[in-house]
Amino acid sequence: MKTIHVISVSGGKDSTATLLIALDRVPRENIQAIFCDTGNEIPVTYKYLDDLERHLGIQITRLKADFSREIIAKRRFVAQDQRTRREYKTAPVFDENGNPVPKRNKNGNILYRTVRRGGVLTQEIVQKTRKIGGGHKVRWSNKAKRRAVNALHPTGNPFLDLCLWKGRFPSSMAQFCTEELKRNIAVAYQLQRIDQGFHVVSWQGIRRDESPNRRHAKKTERIGPGLWAFRPLVDWTAQQTVNFVRDQGCPLNPLYSQGQSRVGCVCINSNKSDLAQVSFRHPAEITRLSEWEHMVSQASKRGYSTFMCDADDREDPRAIFADLNIHAQVAWAKGENGTMDLFSDNDLNLPACASSYGLCE
């Protein structure tokens, strides 16, 4: 049975290095490079992918998620919502001595739950809680219904449509964008090749030093019937990856020379420097995100949603949006960090190259 090697290309240094290794080790006719387009990429990345195709003489297949059905179903649900139950904020209950009061079932028995402590499963008492305030209706209000029904229409942009469907932007605690826009699309493509009778090796540009979640990543792994993962860079550092790509005479994404520590979509986890660099070098992207904030806010039950900060305990959505919208985040990125002083609106003096990987040398 023929084996197909699927290389996921993002436009970043790690996936480019992975692609170069694959081209060196595997016959080109067995390689299928794919790019999962989030619809939230800086245009420089799209051009870089075109340049990479020409430089390497290969084709990179563009894949996109489609949430049209989900948005239509959400629109129908909101319009027909007649739920009557209420949701309440809760607080833990303590006795007169300050000890937690256990929760009991209708028979008076104390309830327990299984938790993992220090890698060991143990039984823990469930603490009793009490309702606070009058709660709020779960059902969409008529005003919110009219607003959301008018906004819930597919746009064809995967990232924006995903956020319209969810009624919010991703966050560090709910980073559903990676799963919905990249992983699921890549897996679906690979399973389709397996259904066509191929074995598939999924090449992934993952390094163990990227994050705690990847610290124990395996170099090779069987995912399922006919599907294996291969991660040739697990033991590499970021600088090793950059050096390898340059030594191969292959261009890197120009964003690395524009102060970006990572490339790909404009991320909700961008740091101050990344956000400041994007706002000055690619101001149209900030304008786009601002427009998306207003669109997603219309589709949100709360009436607001911001790109980088989506949680706040205040009641007034207008005040929350004014403080946390993308323009406010850009102002924060430019103004509160002393290293950003050179990005003054009155005296912009950006260096032609601002790489953290020695690309300016």
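Residues numbered from 1 in each chain as written. Predicted model: local features only at pLDDT ≥ 70, side-chain atom pairs only at ≥ 80, totals over all residues. Heavy atoms only, no water.

- Under an unreviewed UniProt entry, the chain has the name Phosphoadenosine phosphosulfate reductase family protein and belongs to Acidithiobacillus concretivorus.

A look at the overall build of the chain
Then, number 1: When you go through the chain residue by residue, the secondary structure sums to eleven helices and ten strands.
Then, number 2: When its C-alpha atoms are laid out on the principal axes, the chain stretches across 70 × 60 × 45 Å.
Then, number 3: Sorting the 361 residues of the chain into buried and exposed places 44% on the buried side.
Then, number 4: Taking contacts inside the chain between residues at least 6 apart in sequence as the whole, the part at least 24 apart equals 69%.
Then, number 5: As presented, the chain carries roughly 19900 Å² of accessible surface, and 49% of it is formed by carbon and sulfur atoms.
Then, number 6: Positive and negative side-chain charges in the chain, numbering 54 and 39 respectively, have mean positions lying 9 Å apart. (Helix = DSSP H or I, 4+ residues; strand = E, 2+ residues; numbered from the N terminus. Buried < 20%, exposed > 50% of the residue type's maximum accessible area, 1.4 Å probe, protein only. Contact = heavy atoms within 4.5 Å. Areas by Shrake-Rupley, 256 points an atom, 1.4 Å probe, with all protein chains shown as cover. Lys, Arg positive; Asp, Glu negative; His and termini not counted. Charge placed at Lys NZ, Arg CZ, Asp CG, Glu CD.)

Some remarks on the side chain of aspartate 14
Then, number 1: For aspartate 14, the location among the structural elements is in helix 1 (residues 13-25).
Then, number 2: You can call aspartate 14 buried: its relative accessible area is 8%.

Remarks on the environment of serine 15
Then, number 1: Looking at the secondary structure, you find serine 15 in helix 1.
Then, number 2: Judged by relative accessible area, which is 7%, serine 15 ranks as buried.
Then, number 3: Note: C-alpha distance between serine 15 and threonine 241 (226 residues apart in sequence) is 9.4 Å.

Quick word on the pattern of salt bridges
Then, number 1: Going through the model one piece at a time under the given rule, you end up with 17 salt bridges.
Then, number 2: Residue arginine 208 is joined to aspartate 235 by a salt bridge in which the shortest nitrogen-to-oxygen separation is 2.3 Å. Here the residue arginine 208 occupies a position in the loop between strand 8 (199-203) and strand 9 (220-224), and aspartate 235 occupies one in the loop between strand 10 (227-230) and helix 7 (238-247), the gap between them amounting to 27 residues.
Then, number 3: In this structure aspartate 235 comes out as exposed when scored by relative accessible area, which is 54%. (Salt bridge = Lys/Arg side-chain N within 4 Å of Asp/Glu carboxyl O.)

Points about the nonpolar core
The nonpolar side chains of soluble globular proteins are, as a tendency, buried together.
Then, number 1: Counting residues in hydrophobic clusters, the biggest one holds 78 residues, and the most contacted among them are Val9, Leu19, Leu52, Ile60, Phe159, Trp203 and Phe307.
Then, number 2: Look past the residues within four positions of phenylalanine 307 in its chain and what remains in contact with it is Asn40, Phe159, Phe169, Pro170, Val266, Cys267, Ile268, Leu289, Glu293 and Ile326. (Core = buried A, V, L, I, M, F, W, Y, C linked by side-chain atoms within 4.5 Å.)

Considering the packing of helix 1 against helix 2 (residues 43-56)
Two numbers describe a pair of packed helices, the interaxial angle and the distance between the axes.
Then, number 1: Packing of helix 1 against helix 2 leaves a shortest axis separation of 13 Å and a crossing angle of 20 degrees. Comparing the axis directions of helix 1 and helix 2 gives the class roughly parallel. Note that helix 1 runs across helix 2; the crossing there is right-handed. Seen from helix 1, the contacting residues are Thr16, Leu19, Leu20 and Leu23; seen from helix 2, they are Tyr48, Leu52 and Leu56.
Then, number 2: Taken together, the residues of the contact of helix 1 with helix 2 sort by class into six nonpolar, one polar and no charged. (Axes fitted to C-alpha atoms, helices over the stretch in contact; angles between N-to-C directions. Parallel < 35°, antiparallel > 145°, perpendicular 65-115°, else oblique. Left-handed = near helix turned anticlockwise from the far one by under 90°. Nonpolar A, V, L, I, M, F, W, Y, C, P; charged D, E, K, R; others polar.)

Details of the environment of tryptophan 236
Then, number 1: Structurally, tryptophan 236 is set in the loop between strand 10 and helix 7.
Then, number 2: We classify tryptophan 236 as partly exposed; its relative accessible area is 22%.
Then, number 3: Residues tryptophan 236 and lysine 89 lie 147 residues apart in sequence; the distance between their C-alpha atoms is 47 Å.
Then, number 4: Those residues in contact with tryptophan 236, other than ones at most four positions away along the chain, are Ile21, Arg207, Asp209, Thr241 and Phe244.

Some thoughts on the sheet that holds strand 8
Then, number 1: One open sheet accounts for six strands, arranged 3-2-1-8-10-9; its pairing is mixed. Edge positions in the sheet fall to strand 3 (60-63) and strand 9, since each has one partner strand and no second. Between one strand and the next, the sheet's axes are offset by a mean angle of 30 degrees, whatever the strand orientation.
Then, number 2: Across four bridges, strand 2 (residues 31-36) lies against strand 3 in parallel orientation. (Pairing = 2+ DSSP bridges.)

With respect to the side chain of threonine 241
Then, number 1: Tracing the chain through its elements places threonine 241 in helix 7.
Then, number 2: A polar atom in the side chain of threonine 241 sits 3.4 Å from the side chain of aspartate 14.
Then, number 3: Every residue in contact with threonine 241, bar those within four places of it in the chain, is listed here: Lys13, Asp14, Ala17, Arg207, Leu233 and Trp236. (Polar contact = N/O pair within 3.5 Å; in protein donor to acceptor, adjacent residues only side chain to side chain.)

Topic: helix 2
Then, number 1: Taking 1.5 Å of rise per residue, the 14 residues of helix 2 would be expected to cover 20 Å, and the 20 Å separating its terminal C-alpha atoms lies within 8% of that figure.
Then, number 2: Among all positions of helix 2, only Val44, Thr45, Tyr48, Leu49, Leu52, Glu53 and Leu56 are buried.
Then, number 3: Those residues of helix 2 that are buried are in contact with helix 1, strand 2 and strand 3. (Expected span 1.5 Å × (residues − 1).)

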